Every structure is written in C-alpha cells, then in structure tokens.
Amino acid sequence: MVKALVMTGFGLNCDLETSYALRVAGAQVERVHLNSLIEGRKSLDAFRIFVIGGGFSWGDDHGAGVIMAMRLKHRLQDRIGAFVAQGGVVIGICNGFQVLVNLGLLPGFEPGVMKREVALIANDCGGFRDQWVNLSVNTASHCVLSSGLDRFELPVRHGEGKFFAEPAVIENLKARGQIFLRYANPQSTPALGEFPHNPNGSVEDIAGICDATGRVAGLMPHPEAFNHFTNHPDWTYLREKYSREQKPIPEEGDGIKLFRNAVNYFN
Amino acid sequence: MITRLEIALKPHLFDPEGAGLCRRVGDYFGWRIGEARVMDMLTLDTGLAQEELEEARVAIFTNPVTQVSAFAAGVGQTDLMSSYFSDVDWAIWVGYRPGVRDTAGSVAMEAIADLLGKAPAEGEAAYTSRLYLLKNAPLSRTQAETIARELLANEIIQEWKVYKGSDWLTGAGVDIVAPRVLLAHKPSVCEVALESDGQLAELSDQRNLALNRKDIPVIRNYFLRPQVLKERAKFGLSVPTDVELEAISQARSDHCNHNTFRGKFRYVDIAAGERFTVDNLFKSCIQAPTLKIRDEKDWVVSVLWDNAGVARFDSRFNYSVTGETHNSPSNMEAYGGSLTGIVGIYRDIMGVGKGARLVAGLYGYCVGPRDYRGPLKPHLHPKRLLDGIVAGVKDGGNKHGVPTEFGNLFFDPSYLGKCLVFVAALGIMPKEIEGQPSELKCPAQGDLIIMSGGRVGKDGIHGVTASSESYGASTPAGHVQIGDPYTQKKMHDFLLEARDEGLITHITDNGGGGLSSSVGESAALAGGAHVELDKVPLKYEGLDVWEIWISESQERMTIAVKPDDLDRFMALSRKHDVESTVIGRYENSGKLRLDYGQRTCALLDLSLFSEDFPQWEFDAQWLSPEMRGLTEPVLGQPKEFGPLLTSLLSTPNLCSREWIQRQYDHEVQGGSAVKFLTGRDRDVPNDAAVIRAVLDSTTGLAVAQALLPTYSVIDTYHMVAAVIDESVRRILAVGGKLDEIGGVDNFCWPSIQYDPVQNPDGRYKAAQLVRANLALRDLCLAWSIPLLSGKDSMYVDGALPGDFGESHKVSGLPTMLFTATGIVENVLKSQTMEAKCAGDLVYLLGCTADELGGSAYYDLLGYTGLNVPKVPGFNGPNVFDKDKCEALLDLYRGVEKALSSGLAASCHGIYRGGLGVHAALVALGARLGLTIDLSKMIVQDENLPDAHRLFSESCGRFLVTVRPEYAEEFEKIFAGLPCGLLGEVTQNPQLVIIAGSGREIVRENISSLRGAWMGEI
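In this report, the structure presented in the accompanying data block is examined. In this text the structure is predicted, and so the values were computed from the model without any measurement.

1. Points about the overall build of chain B
A tally of regular secondary structure across chain B gives 30 helices and 43 strands. Over its C-alpha atoms chain B spans a radius of gyration of 29 Å, differing by no more than 12% from the 31 Å that the globule rule assigns to 1017 residues. Its C-alpha atoms give chain B principal-axis dimensions of roughly 85 × 80 × 60 Å. Residue burial in chain B is summarised as follows: out of 1017 residues, 66% are buried. If you take every contact in chain B between residues at least 6 apart in sequence, the share linking residues at least 24 apart comes to 81%. Summing over all exposed atoms, chain B offers an accessible surface of approximately 33900 Å²; the carbon and sulfur share of this is 50%. Charge separation in chain B, taken as the distance between the mean sites of 100 positive and 131 negative side-chain charges, equals 1 Å.

See below:
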C-alpha cells in the first residue's frame, strides 16, 4: 500500500480531511507533526506521498506560508530534496502551496534547485473568500495529480491566493507545461481574470502549478474538501435531477480523483 | 538598538488593501482618494548586529518576487523603495499600544531566532505596525485624522499618527516607537481592613470589584469568624488580602454566578391580577425541565454542569455544544471583542469533558442601523462596529480551522447602546477514552495543576465585572484584548493528543475570571487546591499578585494531570510548541491556598463560595400590551403588492448576507453537507446547516439559530416561544429528527433592577424576563427539548451622548438567541430550501392567522401592532392547550417523515417576512418561478386579508415542493393536518401570487426580486 504523510502542526488545519481523502483514494496515511520530522522521530523516507495541506501556519503572519517555508528550508531542505529526487510526490494545497512557492520547491524549473520565483499574494477582491470554482485541467501538463482529468469543481478558501510572477516566469511555466490547473467559468472556458470565476485575480487564471518533474504540485483549491457528493453546493439539486433521470446518485466527490492519481502513480 | 523595517509591495503590483481603503473612505465619508498603498512595518528592539538584521530582512521579511523593503536608517534602501514615498499627501501610521497582543510581532521574533539559530535575549521584542500612504488625496489634516481615528485605528488598543507626506520622507517628526511594557512596579499583596460594611463597600467601588452590597456582610462575617481567623493565622494571614477580595469578586459576579437568573422574582400581572413568585429562574425554568428530559432521553449525555452540553452523535461519538455572548468587549473594540469571543467559546468545547474536537462555529450579531445618522454618539458607529465584529469572527474561525457554519444578523436602533455578539460552537468527542466515558472528569487529590497555552498579562482584568455593569464613561478600557487563534489552534491539537493518550483527568478553560475561575471551579471538584502564583508564566514583569490570579489573558487552559503522566504530557506539549507550566496541586484541604514567593497570600474555604449569600430579589410587574397602549394599526390593504414585496426583500433585516458568510471558511474539515448559503447562485440562506462531523459516518449533525427581538416589544413570552419554534422548524426542514433536538439558550437583557432614576421601568423589564423564561420552560417541557447549554448576559444598556452633551440611556430589546442541534440519520437524506424542478407542487403546511404584530411588514410601515405570533398551544404562562400542541407536533412528525422518505424536493420554514418573502426566496434560490394562490392557504379565519396572508409571521409553517408523482403519498402523511396545495413551481422565472377571487396581485421577475434582495436597488 502506498504510504502518505500529511503534515500537521503550527496552525495547519486540513489534516483530518486530507488524510480521509487519501485513505479513500487507497493510501495508507499518517498525520505527522512538523516537529516530529525535524526531530527525526519520523522520517520522510518511509513515505511516497508528502502532503502539506491547508491552514494558517504561523497565523499567516509575514506572508502566508513564509515562516513555515523558512523552517522547512533550515531544518528539512535536504531531506525534502532527497524525497523529491527519489521519486516521491509532494502536494501543497492552499497554505501548503504557499509554503512550496516560498520554499522554492515550486516552480522548480531545475530539479534540485529551490528558488522563489512565483508568489501567492493577497486576493484582488481584498479579503478571504470561501466559494466553489470551476477548474479546467491543462491536459498537456505532465502533473501526476491531474492526469486523465479534464474539468471539475472545488472550493477555494483563502485570502492570499493570487498567483503572481513576472512575465518571463509565466512564459516559462507555460512553455514547460507546468500550469496544470486554471480557474474557468461555468462553461469551462477560461475565466480570463473575471471575478468571481477567477476568485483572486491570479495571473493567467492559474490555480495550480507543478515542477519540472510533475511530481511536486501545488494548488489553491481544496480537493480534500470535495471528498463526498454532499460537499458539492448543488448536491441536493443534483440528487433530485439524477433521481428523476433514473441515474445513480454518486457518493464520492471529485476531489478524491486527484489523490487517487497520486496513489496510482505508484501502483 | 531599535530599528524599523519597512516592507511594501513592489510599486507595479496592485494593492488590494489600499484599494479597499479608498473604497471605504468613499463609502464612510464620501471623500475621494486617488490611491492608497499599505506598508508593513516591523520595529525591532533587539541587540542584533546589522548583518543579522539584514539577513532577517532578506530571508524572512521580504518576498523577492513581490516585495521591497528597507530599514528606516537606510539599509537596504533602493530607488524603488524611496519612490514609494513620492507624491504621498498623507502618511498615517497605526501601531499597537503597549501590552496589546501582537502575534505577528512574536512570530517575527520566533522566525528570527530560527533563522539565526539563537534564542532572543531577555527583553528583545518585535512590534508590528502599518503605514497607510494616501496619494492624490486632497484632504485636510482634520480629514486625514478622521480616517485614522474612525477607519484605521481603534484608540483603545492602537495609537496613530498622521504625517504630511513630505514630513515622512524627510523624517521630520518621525520617531521609532517600541511599545514596550515597562511596569516599574514591584508586585505586592496588600491587606484590607474590615472595620465596617461601609468601608468594604467603598473599597469595592475604588477597586472596581463590583461587589453586591448584600454580599458584603457575608464576606465580612466570614473573615471575622474565630475559626477562620485561627486557621489564617497559621499562614500568617489576618484580615483579607486584595488577592482574596478580587477572587471573591470574580466568583460572585453576575457573569460567573448568574445571580440574576438565580434570583427571586415577585411577579404580578397587573391586568389579570395574577401574582406568583418564581424562586430562581435558572432552577425552575432551565434546570428542572432539562433534568426531567435527560432522564427520559437516552441521547442526552451530559448537561448543566460542564463548559458545554454533550449529546449522542452516533454509536461511536458524542457531540457537544455551547454558546455565549461577548457584548461589552465587542462594543468597545469590535474586532478584538468578537475574535476573543469566538476563540473563547471554542475553549469551552476544548474543555468539555476530557476535551472535544471543534467541528463548527456560529455567530449572531445585533447592532444599530448601519446607516444611522441620528444624534446619539455610540463609541463606534454601527457600520464600523459591524465591520469589525464580522472580521473578528472571520479571523477567529478561519485561523482556528473551524468551519463557521451558520449565523444571524439583526439591526435595531436599541442595540446602539450596546451591541450583541453571540458565538456558539460544536465539538465531537469519542464516547470513551481508554474505556472511560469521555464526558466525565474530576481532578484527584495530588493531581498537578497545569496551565497551558498563552502567558498572563494585564489583559482582560475586570472583564467579568465590567460585563456585569452597563457601558458608561467609567468602564475600564483595559478589559479589551485581541484573541490569538494561532496559539490556540496549536493548543487544541496538543490537548486532543494528550486526551487520547489518557493523560487528562480534568480540563477547563481560562475565560472570564482567568485562573480564579478555572482553578476555583476545579478545586471545588477535587476538594482543594494549592497554587504557587509565582510559577505562572507572565508576558512581562510587574503584575500584582491579584492580577495574575484574575487576568483574562486568552488561549489558556487549566489541566489536571497525574504526577506519573507529567513527563509524557510535557513532551507532547513541547512537540506542539505549546507552553505548559505546573502551577500547583489539587489537595484534599477544603481550601483554596495561593502562595507567592513562599508566602501565602490567600486562604479561602471552598465552602465560602457556596455560602449563604443573599439571593438577589426583583419586583416584576407585567403590563399587558393593551395596558401599554399597543393596538393593531389602522391600515388599508395595499394596492401594490409587487413593489411592497420587493421593498421588504431589500430591508436590512431580510436582504442578502452573503457578504458575511462568504468571508467565513465554512468548509474546512471537509464535512460540509448542507451549507448555510444554498441555491443555484449559492447565496440564499438555508434553514440550517448540516455537517458530516465524522467523515466516515453517515450521520449528519444539523444546527441552526434564531432570534426575534421585535416580538419582545409586544410580549417576551411569545418572543421566546416563536424563537424556539423557528429553530426547531429549521432543524426539521433539513431532515433532522424531532426526537433528538437539543437547545442552547442565550439571553441578552437590559438591566432589570428597578431604580426610580436609573431604571424606572426595571420592574417591567424583570417581568419580561420572567415571561421569557416561562416560555422557555413551557416549550422545552412540551416538546422534550433539553437545554444542553446556555448563558445569560444582562446589562444590555448604554449611556450615549446626544447633540448637547446630555446622555441617553439606550436599552437593547430583550433578546434570546436559541441554538438548536439535531441529528440527521442519513446525511444523504438531508434537504435544502430552494425549489428544485419546474412542475413540482407547492404546499403550505401549517395554519396562518392574523399575526402581524412585530412583523417585518409592520416594521417596514413603521408599526409594532399587537397580534404577535403565537405558537399553537402556547397562549401564555400557564395557559396551555394540549390538543393544539399535539396537533402541531403531529405536523412536525409529518415533516420529518416526508423528508426521510424523500417525498419533499425542498422544504423551507416560513419565518420573519412571512409567506411572501419566503416564497420569493424559495424561487430565487432555484432560479425558477412560483405560482401560488392565497385562497388555498389554511387560515384561522377565512376573511383574513391578502396582506395578512402574505406577511403574517404565524409559527409552525413550512413551504414544501413536491414532485407530482409523490403528491398522493405526501398528502396522505398530512391528512387531517393543515396542508394547503397553493400552486406549482414554474419554468418561467416569475413569482406570481393570486389572491382570493383569482385576482393576480403579484407578478414579479425573479431577477428583479433578486436584485432588490441583493441590495442593488
């Protein structure tokens, strides 16, 4: 069974549902406190999937994910580097994505080099928002999370999720297929920056990117929060519709698919 | 060395906060600002070398992709940075006052220590502040100062300075301030002479002890008792110390002791000539019914003694729930007050039984009109107050990782005196921990007393006694503080791990009263405690001993741990980066003993707190609405029902509140099943929220709240009855089981103690409280609803200055917020309020009567009326109609059955605003039309006019849409019960309402109703 580590501590907070989603996807999951990793009570080596999930590490003070990234850099940089080099999958969701870009593991143009080249900054709308977004997958991307997927909906819940990088970096990301997820409008065409379909003003509607290997991925939307059909805001409507059309009522949420991709990558 | 780091977004990046400031300046004052940029400032008071500071600047505090930064002295200065200050008209600096919680400042120190690999030296600190640069802002200094004072800073916790742009640039008059707390004060304990009752009373006033006059002789007598004196002498004590008196003051405060609810009420109904005495409202109206129901219902697990109530969730887990208010602090500092309120209620859940995991938070705000322009001058204008309150709960909930699931907002001018901020929380706990029931706890003799979480400072001192008084000029501002959800979240995770390892024998939170309450209450269970107050970790030196004991510094829990488990407990505490300190030990001494520096400074018999303190007494005179001159208004029937309905939908109390809920993370933890905001546009408020509190369980936990303060103007009995009915219907509407509904009562009431000058209508307000409690008792008993938890908050009064410097007493409407919780057996069966498919039939369940008193319709037209909605069966105190009550419960059981058998495509209670408003919401949530015929309604009197049919707020009603194929089965459930088939759901997105004679009185496009409801008109 593929073993996954979901990091906890210092204000991270989506660990329970992330663990649940990974279990549903077929992984064997352990929640591990950052200090247990730092102090060596637990080792990344025992795992194939490493998730830094949502939350407010260090209360988002001094920039979302900044302080956590610094701690990882000073205490675990080598071990994380080795984990990636040995073929592990790293997933950063929301606060975890913010951590990965501040750590410089993303965009990770060159394997083994951690450099801060992109940022997730305050939403253009001026504050925290919890809403569902339509997402479209860049099928040309080599990201392991999104393979075989095309479009789905997930909630975003953040105040600092605007993806920003200077034009040269964006071009690079595009050229290398590292943008795997974009905000779309309900018709699945690009949101083109339009609020609220693009909820935060992200450049190029970017919702998620991966590194050069496709095994390190970060995204602002929360796949673990669509772990069950009833998470979807329209599920009571869809239930009614499906039942009148004599279609089966699903129980699983689409977010599980991303985790299943991560697990299946090793199977 | 003190230095200041200035950090800014690169100039070519959009600054959303600055844009927001420009918007708000326009919105609040009508002034135009071309551009605003916000800079973060970090003042470092450290002994770090220049290179070290520079390393921290680059590595931690400056994002190379998006930010530029420089030290004020010029280090790191770039052209980019200095260009920032060109064209600045005004620079406004805002920083915290000394001693105010600055989490970002402490995180900065932690990060620097981590980076440089060395711990901060004694006294080193970092302080955050902000600089707002206003460009293209043709404002006078007075205007800039107004922005600083009214929009950016709250002078209770913050300081501000306004600079002309050019002055800031040249540094003229700009100094670098480190708001260090320096208390050149040697902690002391002083003794208090007890010559006379009068002397003690005087001392109480001087020290802000808020001791009740009647308690004073009891306190004095205790200290004069020979046995007490003898025992005290052994510890070097004679007359009471200030520590002891402060401790007694906390324990006896109305906030902690609920003296009002435990009082004796001599009630007289003047019109009816009826008289009776209620001895202890709490015991007779809350405790007795709940204990009776607990004995009948196996799902009620733990009530009436702990921080929160506990009830069964499923076969493996229990849930806990509680609610309270944080009115006084929020009224002073809206953001800090509500933030402290929400994280405070979370701690109640963390401290229920051996500890529960938080799964939901809820909110309720009652404030003055947002656009208030009258002569009264509240401390904070309602608009700013509300913005601050909303933001406090946002940060508290979001940063704690707790979904904020449901909430209320109600505007009324009576809340100008003091706003109401209700907070509630739900938790989940396994039924057993290591084979022991998780809801039970008791510290044993010899257990260590441990304080975990934050440190103790001067914050919150006398918070408890301040909330036990009305708001006025002498209220000490020092009781306001800022909560820290980050620290508390770490503690939450730590404590759950400690709980699961069986390390906790007792746990409770430090809220009102601080250690004096938490240790005092747990010592009572253990039979005694000995605390060494010099062990308590402090934020800064200089606190007096009594201050350490009663400080309300946040984010602290008090835990009892067996000595053998200490090492493991401390290891977990370190792992989670939580500070824990042994501060004493539980003993079997029957006493509370406090030492400071080897010297005993308090020795109180625990029995003192249950001593025979005189019961508070109140005269309660009920004046019937008729005696008060209330009548129904003389109103002709409206001719323009469409515009009338449109106007109602746009009123502040009925319009969309999406803007609030959207800011709250309501989906964290992944269990959100029925969201508060529903419908195709995901913005219409649903009746209740349902969560999968345990992700691998199919059980749903439903929760909803209601409040109807305008009904209090007519009769508080019916106000409370209607509120409970509404909350119960809200639970039923999402698929909850009638037999497993629990309640939490939160009373907010103006002062009820009669005073011929200060409170001339005190007796009437006391009668309002009695009637409200009688309704609570009657409904809970008849419907078998246990009160799982509850709290009262009195003194909802304010003294507001008017135009001429005169002060006006403004009392809040008597308000009760009721939180209902319920179990949805299979979460996949839960339902939402919006219609689903065109062609479905629309049924109105329940009977509509002439009940517009206190309604939104009358309110719109400027009336109160007389005919307040009455819950069928409950006609008033001691006037109970069992048959009607049973018939209503039959209807409710029918709703439960219809939903559990999947017959309803939507279900929505009819609440404030009546059928008209709620039918519109059912339609606009669906983006479909509705055609309904008012003549098909089941009404009490066939002559009921159209306006009454549309806007009456009669209780006990639901609007249900049903697939035509299921109509027969649906109608069978409601045979013999009030069930009217009013019409159908239509594809054509219009709300069409037909009156008696086939006359069409409303035909409105859903889009225009939606526009009105969203505030677009």
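2. Some points on the overall build of chain A
When helices and strands are counted, chain A shows seven helices and eleven strands. Counting only C-alpha atoms and orienting by the principal axes, one finds that chain A spans roughly 55 × 40 × 35 Å. Across chain A, the fraction of contacts at a sequence separation of at least 24, relative to all contacts at a separation of at least 6, is 75%. Carbon and sulfur atoms provide 48% of the accessible area of chain A, an area that totals close to 8800 Å². In chain A, 26 side chains carry a positive charge and 28 a negative one; their mean positions are 5 Å apart.

3. Some words on the pattern of salt bridges
Counting across every chain of the model gives 81 salt bridges over all chains. What emerges from the salt-bridge pattern is a single network uniting A:Glu153, A:Asp234, B:Arg680, B:Arg682, B:Glu834 and B:Lys836.

4. Regarding the sheet that holds strand 11 (residues 317-325) of chain B
Backbone hydrogen bonds hold the strands of a sheet together, and the pairing may be parallel or antiparallel. Residues and elements named next belong to chain B. Spatially, the six strands line up as an open sheet ordered 9-10-11-14-12-13, and their pairing is mixed. This sheet does not close on itself; its edge strands, each paired only once, are strand 9 (300-302) and strand 13 (404-411). Neighbour-to-neighbour, the strand axes of the sheet open up by a mean angle of 20°, direction not taken into account. As paired elements, strand 9 and strand 10 (residues 309-312) share two bridges and run antiparallel to each other. Looking across to strand 10, one finds that Val300 is bridged to Ala311. Sitting on the sheet, helix 17 (residues 485-500) is in contact with strand 12 (357-367) and strand 14 (420-430), with an inclination near 140° to strand 12.

5. As for the packing of aromatic side chains
Within this structure, the stated rule accounts for 30 aromatic pairs over all chains. Measuring from ring centre to ring centre gives 6.4 Å for A:Phe56 and A:Phe128, while their planes differ by 25°; the resulting arrangement is stacked. Residue A:Phe56 is found in the loop between strand 3 (49-52) and helix 3 (66-85), and its partner A:Phe128 is found in the loop between strand 5 (119-121) and strand 6 (129-137); the two are separated by 72 residues along the sequence. The interplanar angle of 50° and the centroid separation of 5.0 Å between the aromatic rings of B:Phe970 and B:Phe974 together place this pair among those described as tilted.

6. Details of the packing of helix 21 (residues 641-650) of chain B against helix 27 (residues 914-926) of chain B
All names here are of chain B. Interhelical geometry of helix 21 versus helix 27 gives an angle of 75° and a closest axis separation of 10 Å. Taken together, helix 21 and helix 27 sit at an angle that is classed as roughly perpendicular. Residue-level contacts link Leu645, Leu648 and Leu649 of helix 21 to Gly916, Val917, Ala920 and Leu921 of helix 27. Of the residues belonging to the contact of helix 21 with helix 27, the class tally is six nonpolar, one polar and no charged.

Cut-offs used in this document
- For every chain, the first residue of the written sequence is number 1, and numbering continues from 1 onward in sequence order.
- Here the convention is simple: chains get letters from A, ligands get numbers from 1, in the order in which they are written.
- Local features in this predicted model are restricted to residues of pLDDT 70 or higher, and side-chain atom pairs are both shown and tallied only at a pLDDT of 80 or more, whereas totals for entire chains, interfaces and linings draw on every residue.
- To obtain the side-chain values, all non-hydrogen atoms of the structure were included, while hydrogens and water were left out.
- Helical segments are the DSSP runs of H or I of at least four residues, strand segments are the runs of E of at least two, and each set is numbered from the N terminus.
- Each radius of gyration reported is based on C-alpha atoms, and the globular scaling rule is 2.2 Å times the count of residues to the power 0.38.
- Burial here depends on accessible area, computed with a 1.4 Å probe over protein chains only, as a share of the maximum for the residue type. Under 20% is buried, over 50% is exposed, and the range in between is partly exposed.
- By definition, residues are in contact when any of their heavy atoms lie within 4.5 Å.
- For every accessible area listed, the method is Shrake-Rupley and the probe measures 1.4 Å; residues are considered covered only by the protein chains on display.
- The charge count includes Lys and Arg as positive and Asp and Glu as negative, but it does not include His or the ends of the chains.
- By convention, the point assigned to a charge is CZ for Arg, NZ for Lys, CD for Glu and CG for Asp.
- Throughout this description, the term salt bridge denotes a Lys or Arg side-chain nitrogen within 4 Å of a carboxyl oxygen of Asp or Glu.
- When DSSP finds at least two bridges between two strands, those strands are taken to pair.
- Angular values range over 0 to 180 degrees, each being the angle between N-to-C directions of two axes fitted as lines to C-alpha atoms, with helices fitted over their stretch in contact.
- Planes of paired rings set the category: under 30 degrees apart is stacked, over 60 is edge-to-face and the rest tilted, where pairs are Phe, Tyr or Trp rings (Trp by its six-membered ring) whose centres lie within 6.5 Å.
- Should an angle fall under 35 degrees it is taken as roughly parallel, and over 145 as roughly antiparallel, whereas 65 to 115 is taken as roughly perpendicular and any remaining angle as oblique.
- Residue classes follow a fixed rule: Ala, Val, Leu, Ile, Met, Phe, Trp, Tyr, Cys and Pro count as nonpolar, while Asp, Glu, Lys and Arg count as charged, and any other residue, Gly among them, counts as polar.

All quantities given are derived from atomic positions and should not be read as evidence of function.
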